[in-house]
Amino acid sequence: MDLIRSSGPISRVELVNATGLTQPTISNIVRRLIDDGVVRETGDLVATRGKPRSMLVINSRAAYGVGIHVAADALTCVVTDTRGGTVGRQLVATPEDGRPESLMARLATLYHEITQGLGLPPQSVAGMAVVGPGPVDVRRGRFLALPGLLGPPGPAGLDLAHALTGRLGVPVLVDSDAAAATVGEFWGRQVSRERTFGCLYMNSGIGSGVVLDGALHRGASSNAGKLGHLAVARDGERCHCGNRGCLEQRAAPRALVARARAVPGLADRLRIGAGDPDARAFDVLARAAIYGDVQASALLAESAELLAEGALLLANLWDIDTLVLAGPGFAVAGSIYVTEIRRRLAERAFARDVHDVRVDLSSNPRDSAAIGGAALVLQGSVAPGHGPLVSTMR
């Protein structure tokens, strides 16, 4: 399945060569996948000396995944098809009362509204993933810290996945936004499993993910890749993680907005209001930097330099060959970050004389986590062994 996803259209003979399996084995597997509606023949034929070869692709309508990204001010819901194409999107406000029960009710309502609005048969929905800032307890399906959204941090929080599964009747996963964005970019770009793929994610915080042999590297508790808590200032302020001088305290959007507000006259000149959410204020700051505002440019340049150091560490640790920048933090000023990271990796990546590291910006950075949530569900459904365990295709 993963080979067809990343290489399709592909013939049965090419699958034999790529997997080392026998022709009868491949034929039997493909026949079952076609019978299940997961794979289809394109109708195209490739001429050969013998019998013309029919080509195989994933059936984009075989199943749909629903991903919801939980942020402080909004819930972004995206539905994707089996090939990662977006078929629906809805944005609603996060409940203001901060009660876990209110959030769960809003999530359930959002799921019903978007799937029914798109006319999706219930049996065609592989499941839903709810993603947000870590840390997460993936096994129990809960966020450990979403201040103001899910009550007190820690084990007393709501088992969101279990509660929503019972309420909706579909498998529900809970995962971090950075992990989801990584899988979404890997899946949607049809990246080969042979590549070592990395994703740098920036929203209110900074995270990362790496895909090895077609599967996300999760670590012991599915909380790998917390690049934002790399210490970059030994004498920095204490972070909520317990460390000092963390990367996201110096380079993340909320940190830059706080510093912009501390620069005399800058916030007023850019019309950043005292009550503006950090995400909106950062967009204003980033736009000013793009248009050449000296003070805004200085703040964004420092952030890009620090993030480039994080990207260099990621590249050297995993020897990655592809890196994508995703998340709302890159939506406006992504070009500033891409340029600096490309320069840093070209000059200082350990394996630079062996291979280049391709650095790209997500085609949809704002929705990348929600799209990735849907991809998590689909990957676990149609490519077992490469994603989280969900129920089999129905």
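This section reports on the structure supplied with the text. Because the structure is predicted, anything quoted here is derived from the model rather than measured.

Scanning the protein chain from N- to C-terminus turns up 13 helices and 15 strands. Computed over C-alpha atoms, the radius of gyration of the protein chain comes to 22 Å, within 12% of the 21 Å expected from 2.2 N^0.38 for 394 residues, which places it in the range of a compact globule. Along the first, second and third principal axes, the C-alpha atoms of the protein chain reach 75 × 55 × 35 Å. Taken across its 394 residues, the protein chain has 52% of its residues classed as buried. Look at the contacts in the protein chain between residues 6 or more apart in sequence, and 60% of them connect residues 24 or more apart. Working note: accessible area of the protein chain is about 17900 Å², and carbon and sulfur atoms make up 51% of it.

Note that G67 resides in strand β4 (residues 64–70). When the C-alpha positions of G67 and V130 are compared, they lie 6.0 Å apart, and in sequence the two are 63 residues distant. If near-sequence neighbours (up to four positions away) are discounted, G67 is found in contact with T76, C77, V78, A129, A370, G373 and A374.

Summed over all chains, the structure comprises 21 salt bridges. Within the structure, one salt-bridge network assembled from shared partners comprises E309, E340, R343, R344, E347 and R348.

Quick look at the state of the cysteines now. The final tally for this structure, using the stated rule, is zero disulfides. Free cysteine C241: the closest other cysteine sulfur is in C246, separated by 3.7 Å. On the basis of relative accessible area, C241 is assigned to the partly exposed category, the value being 39%.

The subject of this paragraph is the sheet that holds strand β13 (residues 215–216). In sheet architecture, strand pairing relies on hydrogen bonds along the backbone and comes in two forms, parallel and antiparallel. Spatially, five strands are ordered β13-β12-β11-β14-β15 in an open sheet, and the strand pairing comes out mixed. Each of the sheet's edge strands pairs with one partner strand only, and the pair in question is β13 and β15 (358–361). Across four bridges, strand β14 (residues 322–326) lies against β15 in parallel orientation. Among the inter-strand pairings, L323 is bridged to a residue of β15, identified as V359.

Definitions and cut-offs
Residues numbered from 1 in each chain as written. Predicted model: local features only at pLDDT ≥ 70, side-chain atom pairs only at ≥ 80, totals over all residues. Heavy atoms only, no water. Helix = DSSP H or I, 4+ residues; strand = E, 2+ residues; numbered from the N terminus. Rg over C-alpha atoms; globule rule 2.2 N^0.38 Å. Buried < 20%, exposed > 50% of the residue type's maximum accessible area, 1.4 Å probe, protein only. Contact = heavy atoms within 4.5 Å. Areas by Shrake-Rupley, 256 points an atom, 1.4 Å probe, with all protein chains shown as cover. Salt bridge = Lys/Arg side-chain N within 4 Å of Asp/Glu carboxyl O. Disulfide = S-S within 2.5 Å. Pairing = 2+ DSSP bridges.

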